[in-house]
Amino acid sequence: MADKVDVIVVGAGLAGLVAATEIAGSGKRVTVVDQEGEQSLGGQAFWSFGGLFLIDSPEQRRLGIKDSFDLAHQDWMGTAGFDRDEDLWPRRWAEAYLAFAAGEKRSWLRAMGHRIFPVVGWAERGGYDAMGHGNSVPRFHVTWGTGPGIVEPFERRAREAEKSGRLTFKFRHRVDALLITNGKVEGVQGALLEPDPVERGRSSSRKAIGDFTLRAQAVIVASGGIGGNHELVRQNWPARLGKAPASMISGVPEHVDGRMIGIVENAGARLINRDRMWHYVEGIRNWSPIWPRHGIRILPGPSSMWFDATGKRLPSPLFPGSDTLGQLDYIMSTGHDYSWFVLTQSIIKKEFALSGSEQNPDLTGKSWRMTARRAVNKGAPAPVEAFKTHGADFIVRDNLADLISAMNALAGNDLLKLDHIKAQIEARDREIGNPYAKDTQIINIHNARRYIGDRLIRTAAPHRILDPAHGPLIAVKLNILTRKTLGGFETDLESRVFGANGQIMAGLYAAGEAAGFGGGGMHGYRALEGTFLGGCLFSGRNAGRAAAKAVL
């Protein structure tokens, strides 16, 4: 049977929800199809920490942060490193997104009930020159309610549109092909999957029980990236980063498989910058996994000492929170695919946060009382303490010799030498007692504590790693954690997809991660963080508005 609506949106994640609600809000009829069940509405955004990149916000100004469009533009372009002919549209999308982040983004969300935690985080701090990678100032605005808090306004709008008959959800509908007539995309077809009440995030059944055909005047692809498909990650791994990791863990569920990207590319769409990707290097295996190879990212403060697999301290400025891609490049150059944090109980208490809505019940649950405990608790936040107790990658010991021995046992080798590690820690400790130093990481710590947000909740008071008063000692084995696809379908600023011949494919739009969050890669090589959810919001909004305007 073939149904007909104005627009079909493939994917019920954040970008798809935004696009669909914009279409319904314009008075047009939209159908949202997704291979997962209704329990997965919101996609990856639901699991996120809810961070949003904003420029010169009231939250920043209240904390004494001086930001501007020009400063953010300098940071973005120095971070993106656009250097390809294919970067024409990604660069235009970056410019447009910066204007959005400095303009109506906050007020647009706030009008829908979205709220922001008052302390602004400082992600991807760089450490190079002023025109290089990194955020010059804190810009990471955490959604009050984390990931579910960013999904909620759009789910609410979608449910209202569903009641009015302007929006229809079709879950467990797996798209297998685009329908194209005389060069125009006019629908989708695929398989009906059997109902599966499996918990959100867990792998669902792929058993087909029928088929379907849907027709519309336009199709928006908002199907996400490839982070759950390690085979595709390795296939697209950039040569500049050497050989792909032999071992990786997953920051996204298995259904983030890139399957729809292949279908749309085979239909003639132009996929660019496929070798640009964003994987984290501070991944830890989830002791209570939901999806296969489930990993969690540590959001570290600046004080942990970072060692490669051979026991060599990572070079300046590759300190915690500075340059994710630079750290990945360095770690892969060692011939190993893991590294180590060495820290103290005082550091883990103040500086460790875990990415993900489920790892932050205080912020996710919008509990001011629970959130306030972060600053006064004797231990680390409960989810962090749970990982310290149960996590396979955590080691806790009272002395350095026992710690190094246990680290070697966990790695299954004897690469770490006590004297080598001890000498590096003692050298660092000799510098920590002064308010000035030549050790760049210590300089960074002092700089961080000049910002009231870091001093209050994100940076431990400077102390010696080997001071027993701050113990016990803790080591964390860090894995490569797959996450975001930075390349995608090339689109113009109306989210219309270009074909392989360089011409717009009539009736086809792309948004979110499938579009490289806009244009086919608006982040370039690197991201400033807080920009992935924002890219879904912006590209989804552009796609929905453009498609609604184009249909009759």
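Residues numbered from 1 in each chain as written. Predicted model: local features only at pLDDT ≥ 70, side-chain atom pairs only at ≥ 80, totals over all residues. Heavy atoms only, no water.

Enquirer: Whenever I open this one, the nonpolar core confuses me. Can you help?
Expert: When a protein is soluble and globular, its nonpolar side chains tend to lie buried together. Counting residues in each nonpolar core, the largest one holds 144 residues, and the members touching the most others are Trp76, Ile220 and Val476. Sorting elements by how many residues they give to this core places helix 18 (residues 532–550) first, with 9 residues. Membership of the second largest hydrophobic core comes to 15 residues, among which are Phe49, Phe117, Val119 and Ala123. (Core = buried A, V, L, I, M, F, W, Y, C linked by side-chain atoms within 4.5 Å. Buried < 20%, exposed > 50% of the residue type's maximum accessible area, 1.4 Å probe, protein only. Helix = DSSP H or I, 4+ residues; strand = E, 2+ residues; numbered from the N terminus.)

Enquirer: Looking at this model, I keep getting lost on the packing of helix 1 (residues 14–25) against helix 18. Mind explaining?
Expert: Relative placement of two packed helices is described by the angle separating their axes and the distance separating the axes. Two elements in contact, helix 1 and helix 18, have axes separated by 7 Å at closest approach and are oriented at 30°. For helix 1 against helix 18, the interelement crossing comes out right-handed. Note on element contacts: helix 18 touches helix 1 through Leu533, Cys536, Leu537, Gly540, Arg541, Gly544, Arg545 and Ala548, opposite Leu14, Ala15, Val18, Ala19, Glu22 and Ile23. (Axes fitted to C-alpha atoms, helices over the stretch in contact; angles between N-to-C directions. Left-handed = near helix turned anticlockwise from the far one by under 90°. Contact = heavy atoms within 4.5 Å.)

Enquirer: How should I be thinking about the environment of aspartate 85 in this particular structure?
Expert: Note that aspartate 85 resides in the loop between helix 3 (69–80) and helix 4 (88–102). Look at aspartate 85 and you get exposed, because its relative accessible area is 78%.

Enquirer: Would you explain the layout of surface pockets in this entry?
Expert: Of the voids in this model, the largest pocket is the one considered here, and its volume is about 320 Å³. Around the largest pocket, the lining comprises 22 residues; the ones closest to its centre are Trp122, Arg125, Gly126, Gly127 and Asn135. In terms of residue count, helix 16 (residues 440–449) provides more of the lining of the largest pocket than any other element does, 4 residues in total. Of the residues belonging to the lining of the largest pocket, the class tally is 7 nonpolar, 12 polar and 3 charged. (1 Å grid on protein atoms, 1.4 Å probe; cavity = no way out; pocket = protein on both sides within 12 Å on 5 of 7 lines; lining within 4 Å. Points joined across faces, edges and corners; volume = space filled by probe spheres on them. Nonpolar A, V, L, I, M, F, W, Y, C, P; charged D, E, K, R; others polar.)

Enquirer: Just checking my understanding: could you explain unusual backbone geometry for this structure?
Expert: With the exception of glycine, most residues fall at negative phi, and the peptide bonds are largely trans. Here the amide bond leading from serine 316 into proline 317 is cis, since omega sits at 0°, within 30 degrees of zero. Across the junction of glycine 471 and proline 472, the peptide omega takes the value 5°, indicating a cis bond. The topology assignment puts proline 472 in the loop between helix 17 (452–457) and strand 17 (473–485). In the Ramachandran plot, serine 495 falls in the positive-phi region, its phi being about 70° despite a non-glycine side chain.

Enquirer: Help me understand the pairing of strand 14 (residues 338–344) in this model?
Expert: Along any regular strand the residues' side chains alternate between the sheet's two faces. When you tally the buried positions in strand 14, you get 7 out of 7 residues, the bulk of the element. Burial of strand 14 is two-sided: the residues Tyr338, Trp340, Val342 and Thr344 facing one way and the residues Ser339, Phe341 and Leu343 facing the other way are all buried. Looking at chain direction, strand 13 (residues 305–308) and strand 14 are connected through 4 bridges and run antiparallel. Each residue of the ladder has a partner; that of phenylalanine 307, found in strand 14, is tryptophan 340. (Pairing = 2+ DSSP bridges.)

Enquirer: Got a minute to help me understand helix 14 (residues 400–411) in this structure?
Expert: Under the 1.5 Å per step criterion, the end-to-end length of helix 14 is 16 Å for 12 residues, consistent within 8% with the ideal 16 Å. For helix 14, every residue scored as buried is listed here: Leu400, Leu403, Ile404, Ala406, Met407 and Asn408. For helix 14, the secondary structure elements touched by its buried residues are strand 14, strand 16 (394–397), helix 15 (418–431) and strand 17. Two or three places before alanine 401, at the start of helix 14, stands the capping residue asparagine 399, its side-chain oxygen 3.2 Å from that residue's backbone nitrogen. After helix 14 finishes, the residue glycine 412 shows a positive phi value of roughly 75°. (Expected span 1.5 Å × (residues − 1). Polar contact = N/O pair within 3.5 Å; in protein donor to acceptor, adjacent residues only side chain to side chain.)

Enquirer: Honestly, the side chain of asparagine 360 in this entry has me stumped. Any pointers?
Expert: Considering the arrangement of structural elements, one finds asparagine 360 in the loop between strand 15 (353–354) and helix 11 (361–364). Only 2.7 Å separates the side chain of asparagine 360 from the backbone oxygen of glycine 356, close enough to count as a polar contact. Leaving out residues up to four positions away in the same chain, asparagine 360 has contacts with Phe49, Leu354, Ser355 and Arg374.

Enquirer: Mind showing me how you'd approach the packing of aromatic side chains here?
Expert: Two measures describe an aromatic ring pair: the distance that separates the ring centres and the angle between the ring planes. Taken as a whole, this structure holds 25 aromatic pairs when the rule is applied. Residues tryptophan 47 and tryptophan 291 carry aromatic rings whose centres are separated by 5.2 Å and whose planes lie at 80° to one another, so their mutual orientation is edge-to-face. Taken together, the residues tryptophan 47 in the loop between strand 2 (30–34) and strand 3 (51–53) and tryptophan 291 in the loop between strand 11 (277–285) and strand 12 (295–299) connect sequence positions 244 residues apart. When the centroid spacing of 6.3 Å and the interplanar angle of 80° are considered together, the rings of tryptophan 278 and tyrosine 280 count as edge-to-face. We classify tryptophan 278 as buried; its relative accessible area is 0%. Taken together, the ring pairs connect Phe53, Trp76, Trp93, Tyr97, Phe100, Trp108, Phe154 and Phe538 into an aromatic cluster. (Phe/Tyr/Trp six-rings, centres within 6.5 Å; stacked < 30°, edge-to-face > 60°.)

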